[in-house]
Amino acid sequence: MKRILAAIVLATLAIGYAGVPVSAQENLSAAEHRRLFREGAKLWPVYCNTCHNARPGSEKAPYEWDQIMMHMRTLGNIPPDDANAILVYLKSR
Amino acid sequence: MGYGKLRGLCLFFGALWLIVPLHPASAAAPSEEQMLRRIMREVNELKADKQQDEEKIQDLEQRVGAIQNQNHQLKEANQKLQTDTTAKIATLQTKVDAPPSPEEFGGAFDRYLGTHTFTVTGAAGGQFVYNQQNAALNNLHHDSQNSFFVDWEPMILYRPTDWILFQGVISTGFGSTGTGVDLSTADFQILANKYLTVVAGLFDQPFGDWYETQSPMWVNRFVTAPLPFGVESVVPPGEIGVQLRGGMQFGALGQDFDYTVWGGNGPNYSSTVLGAAVSSPTSVASSQSSGKSIGARFRVYPLPLEKEWGRLELGASTYNGEWNNRDWLTSWGVDFNYFIDNLQTRGEWLEAYRQMPNGQTSDNRQGWYVQAGYFLGGLNVPYIPDQLNGYLQRLEPLVRYSGVNQRGVSTDDLAAATGIGLGGTQVGLVPDFGINGSPATYAPHAREVALGLDYWFAPSIVWQNEFDIELPRAGGVFVSPTGVETPAGATPNDRAFLSQFTVGF
């Protein structure tokens, strides 16, 4: 049992390891910001509607979205790039 | 000026030269030659003076030229300075006039607020339950009931760095069964890398969709839980342990795959008899667990976003754990969730097999539900006032069918499950969702049709109304604390009405 668990942990770490920063929100160029915003606007009505009604960006302050999106990303196992785009979109609304 | 002086002197001496011969009789006068020499000397001196003056004039002329040149340059520089200043003032003016961009403002405001790492969210609700209990189950007391309840479930999110999040929910409820407080979840979420998040602590069971993503009051479209996740849980509602999880895109945008694998403390049951209730980790009725469980859940979203075919989620889960130190619970389930425009549907099927001690037959359970809801957002009834149409467009009619089959039900659990409303005293339940309290929902072969009508004030503010029709099937047994089995016999067809106002914040 313990061996199975350890194997799963190691395998996941090995597969998952990409050495990339987990959230790269700061210092976005204006063009990159626009691209993410547009992508987030496309993803939000679908991804954020999967489990409950999509909650609009205006409901929360930007710093709250940082925390809530991390929570939602975990619950929904949302691919990180998509979660990032949605976060940019939510924070700008 | 030099010329003037020179000219004056010439006139003077010329006149003198003319005057002198007019007085030759003067005996003391110098000789003519002397005079001439003197005049010549003076003329020479005058010439030298003139030369000097001319040089001075030249020098001065040069200086004037230089000064004029400098003056010109200064004028030009001044002109340039003036133009530059005007342009700069104009830019500053436009900057001052233009409002800051949302990002600039957001950034400035964030700085003003300081580093915020802490947020309180959660849910609150008030509920009214009327339950018409038509007949007894296993000769237990039955009585039609009606009661009000309130429930408050604050959640704290704490994010000290951008890769660690703590989240914790405390559930508090007040109603006819008393006040209850319970720790629903409390865990750390650590972003290890792009494809791996580690979750450690007390969490909702990631088996299927219900416990983890559908149980909060404002998320669940109904007031009650579907039968296999409510009073007759097929798998444990929560777990203490560690999860590894992540998701990735496998095709076009929207085509995702995700995984969750976890290990933990293992299942607990209210007793060692057939049909005993599965309990949540925080309301451990008896501790039969030896700290072993392993689970896995996979979800796939096959539809690409740009096709606009809606969103389809297909999931499969398994959860296996040792209980009572040697016997195993094995369970598996499949689920789906599909929505397009105003239509939303979901459903789950789950099965569990529990090895039993003391030569008892194995405790097998099955459960399922399917539900559908349709937002009337697009509705426009002719000949009625716009305002009325506005109200109608906020409605979501719903229907759900759920059922559980289990071999037996423990009479101890039945006796303990007395209340209606929001969990609290229910054996093994996390009090996150309402229950109608009908004895019929505890039948070994419980079935329920639930009709719902939700009125949405906002995406997470809703007034929910639910009408439950209990249709339990015959069959199954009741099991006494000593393991004596009696056939379930007749089961009551109860009705219940629940109305709840709830806010997710």
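Not measured: the values here are computed from a predicted model.

A look at the overall build of chain B
Part 1: Within chain B one finds 6 helices and 21 strands.
Part 2: Within chain B, the proportion of its 505 residues that are buried is 46%.
Part 3: Looking at chain B alone, contacts between residues at least 24 apart form 64% of all its contacts between residues at least 6 apart.
Part 4: Within the structure as shown, chain B displays about 25000 Å² of accessible surface, and the carbon and sulfur contribution to it stands at 62%.

Looking at the overall build of chain A
Part 1: Within chain A, the regular secondary structure consists of 4 helices and 0 strands.
Part 2: Secondary structure elements of chain A, listed N to C terminal, follow the sequence α-α-α-α.
Part 3: For chain A, with 93 residues in total, the buried portion stands at 47%.
Part 4: Of the contacts formed within chain A by residues at least 6 apart in sequence, a portion of 69% connects residues at least 24 apart.
Part 5: Surface exposure of chain A reaches about 4700 Å², of which carbon and sulfur atoms provide 60%.

Description of helix H3 (residues 62–76) of chain A
Residues and elements named next belong to chain A.
Part 1: Given a rise of 1.5 Å per residue, 15 residues ought to cover 21 Å, and the 20 Å separating the end C-alpha atoms of H3 matches this to within 8%.
Part 2: With 12 of its 15 residues buried, H3 lies for the most part within the structure.
Part 3: Within H3, burial applies to Tyr63, Glu64, Trp65, Asp66, Gln67, Ile68, Met69, Met70, His71, Arg73, Thr74 and Gly76.
Part 4: At the exit of H3 stands Asn77, carrying a positive phi of roughly 45°.

Overview of the environment of Met72 of chain A
Part 1: Tracing the backbone shows Met72 of chain A in helix H3.
Part 2: Apart from residues no more than four positions distant in its own chain, Met72 of chain A is found in contact with His52, Asn77 and Ile78 of chain A.

A closer look at unusual backbone geometry
With glycine set apart, most residues show a phi of negative sign, and most peptide bonds adopt trans.
Residues and elements named next belong to chain B.
Part 1: One non-glycine residue, Glu308, adopts positive backbone phi at about 55°.
Part 2: Examined against the element boundaries, Glu308 turns out to sit in the loop between strand S10 (289–301) and strand S11 (311–323).
Part 3: A relative accessible area of 67% places Glu308 in the exposed class.
Part 4: With phi around 50°, Asp341 is a residue other than glycine that occupies positive phi space.
Part 5: By the secondary structure assignment, Asp341 is in the loop between strand S12 (327–340) and strand S13 (343–354).

Overview of the interface of chain A and chain B
Part 1: The partner chain B presents 62 residues to the 47 residues of chain A that form the contact.
Part 2: Contact between chain A and chain B buries roughly 4600 Å² in total, counting both sides, with carbon and sulfur atoms accounting for 64%.
Part 3: Area buried by chain A at its contact with chain B is led by Gln67, Met70 and Asn77 of chain A, which between them contribute 15% of it.
Part 4: Applying the counting rule to chain A against chain B returns 1 salt bridge.
Part 5: The salt bridge involving Asp81 of chain A is made with Lys194 of chain B; its shortest N-O contact spans 3.3 Å.
Part 6: Across the contact surface, chain A and chain B share 19 residue pairs in polar contact (both at pLDDT 80 or more).
Part 7: Elements that contribute at least two residues to the side of chain A that touches chain B include exactly helix H1 (2–16), helix H2 (30–47), H3 and helix H4 (80–91) of chain A.
Part 8: With 12 residues, H3 of chain A is the single largest residue contributor to the side of chain A that touches chain B.

Some words on H2 of chain A
Residues and elements named next belong to chain A.
Part 1: Taking 1.5 Å of rise per residue, the 18 residues of H2 would be expected to cover 26 Å, and the 25 Å separating its terminal C-alpha atoms lies within 8% of that figure.
Part 2: The principal kink in H2, of about 25°, is found at Ala41, preceding the proline Pro45 by one to four residues.
Part 3: Buried residues of H2: His33, Leu36, Gly40, Leu43, Trp44, Val46 and Tyr47, and no others.

Comments concerning the packing of aromatic side chains
Part 1: Summed over the entire model, instances satisfying the criterion amount to 15 aromatic pairs over all chains.
Part 2: Ring geometry for Phe166 of chain B against Phe188 of chain B: centres 5.0 Å apart, planes inclined by 55°, an arrangement best described as tilted. Of this pair, Phe166 of chain B sits in strand S3 (residues 164–175) while Phe188 of chain B sits in strand S4 (residues 178–193), and the two are 22 residues apart along the sequence.
Part 3: On the basis of relative accessibility, which here comes to 22%, the residue Phe166 of chain B falls in the partly exposed class.
Part 4: Where Trp262 of chain B meets Tyr319 of chain B, the ring centres are 6.4 Å apart and the plane angle is 20°; that geometry is what we call stacked. Of this pair, Trp262 of chain B sits in strand S7 (residues 256–264) while Tyr319 of chain B sits in strand S11, and the two are 57 residues apart along the sequence.
Part 5: The structure contains a cluster of three or more aromatic residues connected by ring pairs, namely Trp210, Tyr211, Phe229 and Tyr369 of chain B.
Part 6: We note Arg55 of chain A situated over the ring of Trp218 of chain B; from NZ or CZ to the ring centre the distance is 4.7 Å.
Part 7: Between Arg354 of chain B and the ring centre of Tyr269 of chain B, over which it is positioned, the NZ or CZ distance is 3.8 Å.

Regarding the pairing of strand S2 (residues 145–161) of chain B
All names here are of chain B.
Part 1: Note: strand S1 (residues 118–132) against S2, 14 bridges, orientation antiparallel. Each residue of the ladder has a partner; that of Val120, found in S2, is Ile156.
Part 2: Where S2 meets S3, 8 bridges bridge the pair, whose relative direction is antiparallel. Of the residues in S3, the one forming a bridge with Val150 is Phe174.

Quick word on the pairing of strand S14 (residues 363–374) of chain B
All names here are of chain B.
Part 1: Judged from the 12 bridges that link them, S13 and S14 form a sheet pairing that is antiparallel. Its bridge partner lying in S14, Leu350 is registered against Gly367.
Part 2: Of the pairings in the sheet, the one linking S14 to strand S15 (residues 395–406) comprises 9 bridges and is antiparallel in character. Its bridge partner lying in S15, Gln366 is registered against Asn405.

What about the confidence of the model for chain B?
Residue and element names in this part refer to chain B.
Part 1: Counting all residues, the mean pLDDT for chain B is 85, and 84% of those residues have values of 70 or more.
Part 2: Here residues 20–27 is a poorly scored stretch, pLDDT under 50, and it has 1 contact once near neighbours within four places are set aside; other chains count.
Part 3: With pLDDT under 50 throughout, residues 421–431 is counted as low confidence; its partners more than four residues away or in other chains account for 53 contacts.
Part 4: The ipTM assigned to the predicted complex is 0.82, against a pTM of 0.78.

Comments concerning a nonpolar patch on the surface
Residues and elements named next belong to chain B.
Part 1: A contiguous nonpolar patch, built from Phe118, Val120, Trp152, Ile156, Tyr158 and Phe505 and spanning about 550 Å² of accessible area, is present on the exposed surface.
Part 2: Those elements that provide at least two residues to the nonpolar patch are S1 and S2.
Part 3: Element by element, the count of residues in the nonpolar patch is highest for S2, at 3 residues.
Part 4: Topologically, Val120 is positioned in strand S1.

The rules behind these values
- Residues numbered from 1 in each chain as written.
- Chains lettered and ligands numbered in written order.
- Predicted model: local features only at pLDDT ≥ 70, side-chain atom pairs only at ≥ 80, totals over all residues.
- Heavy atoms only, no water.
- Helix = DSSP H or I, 4+ residues; strand = E, 2+ residues; numbered from the N terminus.
- Buried < 20%, exposed > 50% of the residue type's maximum accessible area, 1.4 Å probe, protein only.
- Contact = heavy atoms within 4.5 Å.
- Areas by Shrake-Rupley, 256 points an atom, 1.4 Å probe, with all protein chains shown as cover.
- Expected span 1.5 Å × (residues − 1).
- Buried area = accessible area lost by both parts, 1.4 Å probe.
- Salt bridge = Lys/Arg side-chain N within 4 Å of Asp/Glu carboxyl O.
- Polar contact = N/O pair within 3.5 Å; in protein donor to acceptor, adjacent residues only side chain to side chain.
- Bend = angle between axes of the 7 residues up to and from the residue.
- Phe/Tyr/Trp six-rings, centres within 6.5 Å; stacked < 30°, edge-to-face > 60°.
- Lys NZ or Arg CZ within 6 Å of the ring centre and 35° of its normal.
- Pairing = 2+ DSSP bridges.
- pLDDT = per-residue confidence, 0-100.
- Patch = residues over 30% accessible without salt bridge, like charges linked within 9 Å, V, L, I, M, F, W, Y side chains within 5 Å.

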